[in-house]
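Descriptive analysis of the structure
Spelled out from the first residue to the last, the chains are:
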Amino acid sequence: MEIPYTVKNRPDTGVYNGKLGIWLFLASEVMLFGGLFAAYVFLRLGAPEGTWPNGLMNIWAGFGNSIILLLSSVFVTKTWASVKLNDFSGFKRNLAITMLLSTLFLGIKGYEYNEKFHHFGAFMKDPASPVGWSLQVTGHLLENPDKEDTQHLLLAADAYQPSDWASAPKPDNYHEIKENPALRFAHPGIEITGEEHHGEPVLKIAKDQIFRSSTFVPKYNSFFAIYFTMSGLHALHMIGGLVIFFYFWTFGSKMFHTNRAQFANRIEVTGLFWHFVDLIWFFLFPVMYLM
């Protein structure tokens, strides 16, 4: 039995079944990501002044991924055009480039994730502070050569600690920032060893003076919680699209020769999904990386 309206448009909606289905699916996706973007806005607005972690993201990696996704959208459109023009080699070539660009995007995103998983931050205690801490110190953990010293950790501190790491609102004036004792690691429990690791000052931090600490994973702060949720969900959508592309490029390409009209519709529907995934990224990039 042949399924109707896989090629021709339905008389009641004016579109074929696949396109109707993808529009309904994308409508549900808008609600999903819309809710997450709304959650981000509320978290951002609810953060105490001066404590939202700006400047943590690799802007060039995000910008590069934006260009890569933009190019992938161009080539997925060229893939569909190749099918319509009965150009099988063009279809294979353009879809292969789309998959290559998608893989490159995921590779860069994996690199960014790996950076965060190895970046460490500690919130230093301060009983006088209403939030319990007054300084965040970030960097990379080093192995302590003194194996018997279990009360301290060694940290190769980031050369440029964000000026808003202090729990108090950050000063607007550069000189005030420079003279801020908290940003010069002048804090109980922190000792500047005088050594350097790849140009970064090595700090000796007393564990009993740490309010809380972890690597830059979702539990570190609200920003990383929403960042990994949204970017991870976006990456899962990309992996799903990549799997479908691979199917069309291999086993599913038989339909190109047996039912090209229906095959073109399948490519068009998948392309709509891909354009949506790209669109989500172009909202994610400025919100997460630039604002």
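Nothing here was measured: the structure is a model prediction, and the numbers come from that model.

**Here we look at the overall build of the protein chain**
Scanning the protein chain from terminus to terminus reveals seven helices and six strands. Reading the protein chain from its N terminus to its C terminus gives the helix and strand order α-α-α-β-β-β-α-β-β-β-α-α-α. Residues counted as buried form 44% of the 291 residues belonging to the protein chain. Partitioning the intrachain contacts of the protein chain with sequence separation of at least 6 by distance along the chain shows that 69% fall at a separation of at least 24. Summing over all exposed atoms, the protein chain offers an accessible surface of approximately 15,600 Å²; the carbon and sulfur share of this is 65%.

**Here we look at the packing of aromatic side chains**
Going through the model one piece at a time under the given rule, you end up with 29 aromatic pairs. Ring geometry for tyrosine 227 against phenylalanine 228: centres 5.1 Å apart, planes inclined by 65 degrees, an arrangement best described as edge-to-face. The burial state of tyrosine 227 is the same as that of phenylalanine 228; both residues are buried. One aromatic cluster is present, formed by Tyr113, Phe117, Phe123, Trp133, Phe216, Tyr220, Phe223, Phe224, Tyr227 and Phe228 through successive ring pairs.

**Considerations on helix α2 (residues 59-84)**
Taking 1.5 Å of rise per residue, 26 residues should cover 38 Å, and α2 covers 38 Å from first to last C-alpha, within 8% of that figure. The N-terminus of α2 is capped by asparagine 58, whose side-chain oxygen sits 3.3 Å from the backbone nitrogen of tryptophan 60. The positive-phi residue at the C-terminal boundary of α2 is asparagine 86, with phi of around 60 degrees.

**Some words on the pattern of salt bridges**
Two side chains with opposite charge may pair up if their charged atoms get near one another. Applying the stated rule across the entire model yields five salt bridges. A salt bridge links arginine 10 to aspartate 12; the nearest nitrogen and oxygen atoms lie 3.1 Å apart. For aspartate 12, a relative accessible area of 56% corresponds to the exposed category.

Rules and cut-offs
- Residues numbered from 1 in each chain as written.
- Predicted model: local features only at pLDDT ≥ 70, side-chain atom pairs only at ≥ 80, totals over all residues.
- Heavy atoms only, no water.
- Helix = DSSP H or I, 4+ residues; strand = E, 2+ residues; numbered from the N terminus.
- Buried < 20%, exposed > 50% of the residue type's maximum accessible area, 1.4 Å probe, protein only.
- Contact = heavy atoms within 4.5 Å.
- Areas by Shrake-Rupley, 256 points an atom, 1.4 Å probe, with all protein chains shown as cover.
- Phe/Tyr/Trp six-rings, centres within 6.5 Å; stacked < 30°, edge-to-face > 60°.
- Expected span 1.5 Å × (residues − 1).
- Polar contact = N/O pair within 3.5 Å; in protein donor to acceptor, adjacent residues only side chain to side chain.
- Salt bridge = Lys/Arg side-chain N within 4 Å of Asp/Glu carboxyl O.

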